[in-house]
Amino acid sequence: MMGGTSGLGDLDELYEAIILDHYRSPRNSAPVDDPDVDLEVNNPFCGDEFHIQLKVSDGSVSQVGINGRGCAISQASASLLAELVEGKSYAEVKAAVDSVRRLLKGEEVTEEEQDLLGDIEALGGVRKFPVRIKCALLSWVGLDDALTDHLKK
Amino acid sequence: MNGSENLIHTFDVEDVRADFPILNRKINGMNLVYLDNAATTQKPRHVIDALTRYYEETNANVHRGVHTLSVEATDAYELAREKVGGFINAPRPETVIWTRNTSESLNLVAATWAEEHVAKGDNIVITAMEHHSNIVPWQQLAMKKQAELRYIPAGKDGLLEMSNISKIIDSSTKIVSATHVSNVLGTVNPVDELTRRAHEVGAVMLVDAAQSVPHMPVDVQAMDVDFLCFSAHKMLGPTGIGVLYGKYDLLNDMSPFMFGGDMILEVTYEDAKWNDLPYKFEAGTPNIADAIATGAAVDYLNNLGMENVWRHEQELTAYALEQMSSLAGLKIIGPKDPTLRGGVISFMHDSIHPHDLGTGLDQLGIAIRTGHHCAMPLVRSYDVVAAARASFYIYNTKREIDELVNGISETAGYFAS
């Protein structure tokens, strides 16, 4: 059953089909051997926890593995992130994180950014459910911090 | 303040519901089903009117002026203290101290009595099912004093493991602080047994009654507890006001918690003399209006009868446990036996994270709590990071529990592949 059939009302706006798909079948969730970036992110408010691992070479992300536990929004968001960053340069990843932040805050996102984000735009439904924005941002903020740290090394 | 004459005198849940204006609200187009009562309860018209009436007719500062309004405000404020004292059978009204909430009451005891009586090598005993507000003040104090913080463990059955309490509470124990009813598991703890053991070794007994005083008859003299803490907002009263009850001699020997107006008898440029109880602990202009409204909340509950309140919640809890246990994929934590618990049911669903469930139920107008319930160590001991919680009060009905159960099914169906 894919919503829309009951009193659950606006739930479909938050949980678009693409979100439920990523939640049920997370992408790039296998652990990475010998990762260059390896971090745990968590949101103590909800107890959501994700383990993010990256292999990086020549200024870009060559392999990514993200797994953890959390609500549908945080899991789908982490899966979308895992799908997006593979093969992207640091600059592209940074730009994507920035676009996602603005998308979730309801700020303007350019057409060029929309092209980069693709399916990730489905996360925008969270804007109507402000308490869930943190769920969607968790893995992105973690990745941003981890990359920033890695670049300093 | 007047106010009890128009109240109902028997317990009829539909009559009760009619007294709560907020129950007419629509949430996402649906009737509100409010099941987050362990977080805070809704307020009856009677309490809201008491607040308004105070500001419209009586507002003045207390214990200061000789003018009519100040006298009336003082009388109303002190009458509310007497009502609250009567509600828990406190031996005298000055053993009832107004605070901001349960947390402040607990902190007050930690910062005054415990600060003066706990020394290096002593221990403080709490339980594994405490709210953060009954853990962190003791952790901090134990660190500062180089004292030991001991826990009475909780079993997977949701009950305290009492078999070892004579070892855990020993001659070096200075204070035992335990929750009467767990805000996560609903467990009604054997505080009488803990109190007896605490007193055997000369320790004082503090009871966090935030989840019990609103729901069941509580008699501080029969319990023989030394301190008892609760909040008004969890028992129909306003936010921002709570109570510390303490035995007179203990309170009388304690140092003040805060300094300022009203808590002193005499001030010179060099020193000050503390006022008598209860004012020694009520520095500054108190929360007059909310104290008076708390008195109105007590009137309302007394008119229902706390035995009736408890019976109603026991019926709802038994019904909810029965209905919820028929749901596939649902796991309820806490005691299975409804007579061992209050109206708090925490649960997890195999295929839905509590926050997704909470959002789904909110679409149906059903308000529950999700998360760690300010009891992270306990929730984690069940190997989960978050749980959903439904908690009941006087205005809840079996029909609402049916709506909860249907709502969980419906939301589970939505997320099922």
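Residues numbered from 1 in each chain as written. Chains lettered and ligands numbered in written order. Predicted model: local features only at pLDDT ≥ 70, side-chain atom pairs only at ≥ 80, totals over all residues.

Q: Give me the lowdown on the overall build of chain A, citing residues and values where you can.
A: Each helix and strand in chain A was counted, giving six helices and three strands. Ordering the α and β elements of chain A from the N terminus gives α-α-β-β-β-α-α-α-α. Taking 153 residues into account, the globule formula puts the C-alpha radius of gyration at 15 Å, and chain A, at 15 Å, falls close to it. Taking the principal axes of its C-alpha atoms as reference, chain A extends roughly 50 × 30 × 25 Å. By the burial criterion, 39% of the 153 residues in chain A qualify as buried. (Helix = DSSP H or I, 4+ residues; strand = E, 2+ residues; numbered from the N terminus. Rg over C-alpha atoms; globule rule 2.2 N^0.38 Å. Buried ≥ 20, exposed ≤ 12 C-beta atoms within 10 Å, placed from the backbone.)

Q: So what's going on with the packing of helix 3 (residues 72-85) of chain A against helix 6 (residues 133-152) of chain A? Which residues, and what values?
A: Residue and element names in this part refer to chain A. Running from N to C, helix 3 and helix 6 point in directions that differ by 40 degrees, and their axes come no closer than 6 Å. When the axes of helix 3 and helix 6 are compared, the pair comes out oblique. At the point where helix 3 passes helix 6, the crossing takes the right-handed sense. Residues Ile-73, Ser-74, Ser-77, Ala-78 and Leu-81 of helix 3 form the contact with helix 6, whose participating residues are Cys-135, Ala-136, Leu-138, Ser-139, Trp-140 and Leu-143. Split by residue class, the contact of helix 3 with helix 6 holds eight nonpolar, three polar and no charged. (Axes fitted to C-alpha atoms, helices over the stretch in contact; angles between N-to-C directions. Parallel < 35°, antiparallel > 145°, perpendicular 65-115°, else oblique. Left-handed = near helix turned anticlockwise from the far one by under 90°. Contact = placed C-beta atoms within 7 Å. Nonpolar A, V, L, I, M, F, W, Y, C, P; charged D, E, K, R; others polar.)

Q: Mind laying out the domain arrangement of chain B, listing which residues take part and the relevant values?
A: Residues and elements named next belong to chain B. On domain assignment, one finds that chain B holds domain 1 (13-44 + 305-415) and domain 2 (51-302). Taking the mean C-alpha position of each, domain 1 and domain 2 sit 28 Å from one another. Each partner contributes to the interface: domain 1 provides 26 residues, whereas domain 2 provides 27 residues. Of all the secondary-structure elements, those providing two or more residues to the side of domain 1 that touches domain 2 are helix 11 (306-324), strand 14 (344-349) and helix 13 (376-381). If one sorts the elements of the side of domain 1 that touches domain 2 by residue count, helix 11 sits on top with five residues. Counted by class, the side of domain 1 that touches domain 2 contains 14 nonpolar, eight polar and four charged residues. (Domains from an automatic or database assignment.)

Q: Which residues make up the interface of chain B and chain A, and what values do they have?
A: Taken residue by residue, the interface counts 21 residues in chain B and 21 residues in chain A. The set of elements that each furnish at least two residues to the side of chain B that touches chain A consists of helix 12 (354-363) and helix 14 (398-415) of chain B. A class-by-class count of the residues in the side of chain B that touches chain A yields seven nonpolar, twelve polar and two charged.

Q: Describe the sheet that holds strand 5 (residues 123-127) of chain B, naming the residues involved and giving the relevant values.
A: Residues and elements named next belong to chain B. Spatially, 4-10-9-8-7-5-6 is the arrangement adopted by the seven strands of the open sheet, whose pairing is mixed. Of all the strands in the sheet, just strand 4 (96-99) and strand 6 (148-152) have a single pairing partner and so form its edges. When the angles between neighbouring strand axes are averaged without regard to direction, this sheet yields 20 degrees. Of the strand pairs in this sheet, strand 4 and strand 10 (residues 242-246) are connected by four bridges, and their pairing is antiparallel. When the sheet's bridge partners are listed, Trp-98 is paired in strand 10 with Val-243. (Pairing = 2+ DSSP bridges.)

Q: Account for the pairing of strand 3 (residues 60-69) of chain A, with residues named and values stated.
A: All names here are of chain A. One ladder, built from nine bridges, connects strand 2 (residues 48-57) with strand 3; its direction is antiparallel. When the sheet's bridge partners are listed, Leu-54 is paired in strand 3 with Val-64. If you look at the hairpin formed by strand 2 and strand 3, you'll find two residues sitting between the two strands, and Asp-58 has a positive phi there, around 50 degrees.

Q: Account for helix 14 of chain B, with residues named and values stated.
A: Helix length check: helix 14 of chain B (18 residues) gives 26 Å between terminal C-alpha atoms against 26 Å at 1.5 Å per residue, within 8%. Along helix 14 of chain B, the residues that are buried comprise Glu-400, Ile-401, Leu-404, Gly-407, Ile-408, Glu-410, Thr-411, Ala-412, Tyr-414 and Phe-415 of chain B. (Expected span 1.5 Å × (residues − 1).)

Q: So what about helix 4 (residues 102-117) of chain B? Which residues, and what values?
A: Residue and element names in this part refer to chain B. Look at helix 4: 21 Å from first C-alpha to last across 16 residues, which is about the 22 Å you get at 1.5 Å a residue. Considering bend angle alone, the principal kink of helix 4 is centred on Ala-110 and spans about 30 degrees. Buried residues dominate helix 4, accounting for twelve of its 16 residues. Looking at helix 4, one finds that the buried residues are Thr-102, Ser-103, Glu-104, Ser-105, Leu-106, Asn-107, Leu-108, Val-109, Ala-110, Thr-112, Trp-113 and Ala-114. (Bend = angle between axes of the 7 residues up to and from the residue.)

Q: Just give me the short version of the confidence of the model for chain A, but keep the residues and values in it.
A: Residues and elements named next belong to chain A. On average, residues of chain A carry a pLDDT of 89, and 96% of them reach 70 or more. Of all helices and strands in chain A, the one with the weakest mean pLDDT is helix 1 (residues 11-14) (88), whereas helix 3 scores best (94). Segment residues 1-5 is flagged for pLDDT under 50; beyond a separation of four residues in sequence, or across chains, it makes ten contacts in the model. (pLDDT = per-residue confidence, 0-100.)

Q: With reference to specific residues and values, describe the pairing of strand 9 (residues 227-231) of chain B.
A: Residue and element names in this part refer to chain B. Buried residues dominate strand 9, accounting for five of its five residues. Side chains Phe-227, Cys-229 and Ser-231 project from strand 9 onto one buried face, and the interleaved Leu-228 and Phe-230 project onto a second face that is buried too. With three bridges connecting them, strand 8 (residues 204-208) and strand 9 associate as parallel partners. Within strand 9, the position partnered with Leu-206 by the bridge is Phe-227. Here five bridges tie strand 9 to strand 10, and the two strands are oriented antiparallel to one another. Its bridge partner being in strand 10, Ser-231 is matched across the sheet by Gly-242.

Q: Provide a residue-level description of the sheet that holds strand 2 of chain A, including the pertinent values.
A: All names here are of chain A. Read from one edge of the open sheet, three strands run 1-2-3, paired in antiparallel fashion. What marks the edges here is a single partner per strand, and that holds for strand 1 (37-43) and strand 3. The mean inter-strand angle of the sheet, taken between neighbouring strand axes irrespective of direction, is 20 degrees. In the sheet, strand 1 pairs with strand 2 via seven bridges, with the strands oriented antiparallel.

Q: Give me the lowdown on the environment of Gly-186 of chain B, citing residues and values where you can.
A: Residue and element names in this part refer to chain B. Along the chain, the position of Gly-186 falls in the loop between strand 7 (173-179) and helix 7 (191-200). Under the C-beta neighbour-count criterion, Gly-186 is labelled buried, with 28 such atoms within 10 Å. Measuring from C-alpha to C-alpha, the distance between Gly-186 and Ser-391 comes to 8.8 Å, with 205 residues separating the pair along the chain. Setting aside anything within four residues of it in sequence, one finds Gly-186 in contact with Val-181, Gly-334, Arg-341, Gly-342, Gly-343, Val-344 and Ile-345.

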